[in-house]
Amino acid sequence: MHPDAQRTATHLLPLLGGADNVTTVAHCMTRLRLGLRDRSLVQDDAIRALPGVLGVVDDDTYQVVLGPAAVAKVTTAFEELLTKTPPTADDLAATGAALKAAQKARNQTPLKQLLRRVANIFVPLIPALIGCGIIAGLNGLLVNLRWLPSLTPALAAVASGFMALIAVFVGYNTAKEFGGTPILGGAVAAIIVFPGVAKTEAFGQALSPGQGGVLGALGAALLAVYVEKWCRRWVPGTLDVLVTPTLTVLVSGLVTIYGLMYVAGEVSTAIGTFADWLLAHAGAGAGFVLGGLFLPLVMLGLHQALIPIHTTLIEQQGSTVLLPILAMAGAGQVGAAMAVYVRLSRNRSIRRTIKSALPAGLLGVGEPLIYGVSLPLGRPFVTACVGGAFGGGFIGLFNMLGDHVGSTAIGPSGWALFPLLDGNKGLAETVAIYAGGLLVGYVAGFTATYFFGFSRQLLAEFNVDVDEDVDVEDQAAPEAPTKAQVSV
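Scoring rules and cut-offs
Residues numbered from 1 in each chain as written. Predicted model: local features only at pLDDT ≥ 70, side-chain atom pairs only at ≥ 80, totals over all residues. Heavy atoms only, no water. 1 Å grid on protein atoms, 1.4 Å probe; cavity = no way out; pocket = protein on both sides within 12 Å on 5 of 7 lines; lining within 4 Å. Points joined across faces, edges and corners; volume = space filled by probe spheres on them. Helix = DSSP H or I, 4+ residues; strand = E, 2+ residues; numbered from the N terminus. Buried < 20%, exposed > 50% of the residue type's maximum accessible area, 1.4 Å probe, protein only. Contact = heavy atoms within 4.5 Å. Phe/Tyr/Trp six-rings, centres within 6.5 Å; stacked < 30°, edge-to-face > 60°. Core = buried A, V, L, I, M, F, W, Y, C linked by side-chain atoms within 4.5 Å.

Participant: Honestly, empty space enclosed by the protein in this entry has me stumped. Any pointers?
Facilitator: One simple way to see leftover space: roll a probe sized like a water molecule over the atoms. All chains considered together, the criterion is met by 1 cavity of 30 Å³ or more. Space inside the largest cavity adds up to approximately 40 Å³. Lining of the largest cavity is provided by A275, D276, L279, A280, V321, N399 and H404.

Quick look at the structure:
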């Protein structure tokens with residue numbers, strides 16, 4: 001076990017109210033997500049002060065922001081601490097009551113809940129998407145340079161294998177997320193990529209393997225879940241083991257072949273066509289809007305819901321033209337943080353936070369700067385969005401002029417996106433356009449924040465001598481982001 005992760009988990013558990021107060025444990029790319037029985041037992045300020053903790057978010061789950069490098073290790077250590085005390089029947093009963101109460105207390109809309117569930121399907125796929133995307137980019141470079149011709153076919157197979165079967169993984173995760181048997185969801189989704197579907201016709205047209213892609217797989221697996229649940233309810237227990245999986249695969253499979261593959265294929269094609277049309281006819285304006293709105297989506301955790309769209313574009317076109325535009329939001333955030341560093345020259349505490357969070361921001365991990373700097377201050381968060389808008393507009397303008405800048409995979413942004421870039425005018429020009437967008441985002445975010453990010457009152461309150469090593473009870477210090485702020 002990594003000692004730093006073990007130390008963080010050990011210090012974190014008592015500040016959350018102990019093992020008895022934790023009901024569920026999960027993690028995404030940057031956050032440890034926890035279900036809690038009693039929210040009042042949590043010591044927010046002490047958690048924020050822990051080394052390695054970048055911020056907290058109080059949403060439908062309590063989320064501790066740890067960063068992509070640490071979150072998996074801390075989650076493993078945290079789960080081991082919890083398993084040292086086996087739960088009793090009373091614990092299970094209390095957990096059920098707490099979950100029921102938490103469900104009633106939520107004020108989320110059905111649409112927001114659906115988007116989160118869709119995100120839960122695709123987030124586990126991101127590591128493979130990143131790895132295969134980088135290998136694909138490396139292979140493309142070797143092919144263009146005509147280096148290692150005996151190795152490039154093998155690299156192509158390694159990079160393409162996952163994407164060829166991604167529908168199966170989407171089906172598996174969909175069934176798991178919606179309460180069905182995961183392997184049945186994967187089995188139904190596998191029909192979409194089976195070569196034999198080319199021998200069948202739907203709506204007067206011959207089907208092609210992969211038609212409908214991840215959207216078809218998601219719909220097929222979701223249908224399988226509902227068929228399975230219906231069977232579990234009506235099929236006698238003595239026949240369940242034979243009848244339920246058979247009917248689930250048969251009914252869902254036939255509907256997939258004779259309906260969902262065609263419909264999902266049309267939807268997927270429409271998404272690609274619309275993205276191309278939008279960037280060709282309104283690239284600068286579309287990039288401005290998308291780049292400016294992406295930070296609020298990251299703040300709310302809803303940016304993961306865009307993964308199906310990115311994946312669909314990658315399946316169709318080999319790259320997603322949306323990701324480089326959305327990545328400009330991080331550039332605006334970096335520029336805004338630099339301006340805060342300059343304007344709050346006397347506040348050593350905030351400047352120290354910016355210095356520690358800036359490397360992650362440059363690599364596209366925005367949560368540390370969002371929750372540690374711009375969002376608590378208020379105005380700098382808005383001006384960071386302005387920087388992202390200008391950077392996105394820059395990339396969109398070149399797309400409108402015919403220089404398509406895309407990414408062969410999803411996941412990273414900022415400087416970390418350079419190995420995944422792909423375009424229609426050569427690698428050097430593609431890299432130059434993306435780098436230019438980052439520069440525009442940095443400058444616009446810095447300028448907007450420097451001149452418009454601080455009111456006189458905000459400067460008077462925060463630009464004071466504050467150091468983490470001294471008692472600051474009587475000095476003005478940045479407030480931690482509240483639940484209301486994070487949920488805007």
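Participant: Sorry if this is basic, but what is going on with the environment of W415 here?
Facilitator: Inspection of the secondary structure puts W415 in the loop between β7 (405–407) and β8 (421–423). The class of W415 is partly exposed, set by a relative accessible area of 44%. If we ignore the near neighbours within four places in the chain, the residues touching W415 are L362, L363, L438 and Y442.

Participant: Can you walk me through the packing of aromatic side chains in this structure?
Facilitator: Each pair of aromatic rings is reported with the distance of its centres and the angle of its planes. If you walk through the whole model with that rule in mind, you get 8 aromatic pairs. A centroid spacing of 5.2 Å and a plane angle of 40° characterise the contact between F162 and F169, whose relative ring orientation is tilted. Taking relative accessible area as the criterion, F162 reaches 12% and is therefore assigned buried. Taking the relative accessible area as the measure of exposure, F169 reaches 39% and is therefore partly exposed. Ring geometry for F394 against F398: centres 5.0 Å apart, planes inclined by 55°, an arrangement best described as tilted. Separated by 4 residues within a single helix, F394 and F398 lie in helix α17 (residues 379–400), roughly one turn from each other. The class of F394 is partly exposed, set by a relative accessible area of 24%.

Participant: Just checking my understanding: could you explain helix α16 (residues 367–377) for this structure?
Facilitator: Each turn of an α-helix holds 3.6 residues, which means side chains three or four residues apart point in the same direction. Counting buried positions along α16 yields 10 of 11 residues, so the element is predominantly enclosed. Of all the positions in α16, only E367, P368, L369, I370, Y371, V373, S374, L375, P376 and L377 are classed as buried. G378 lies just past α16 and shows a positive phi near 95°.

Participant: Would you mind going over the nonpolar core with me for this structure?
Facilitator: Within soluble globular proteins, side chains that are nonpolar tend to cluster in buried spots. F122, V170, V340, L344 and Y434 are the most contacted members of the largest nonpolar core, which totals 64 residues. When residues no more than four places from it in sequence are discounted, the contact partners of F122 are V170, V214, L218, I307, P308 and T311. The next biggest cluster of nonpolar side chains, apart from the first, holds 24 residues, and it includes L13, V22, V56 and L82.

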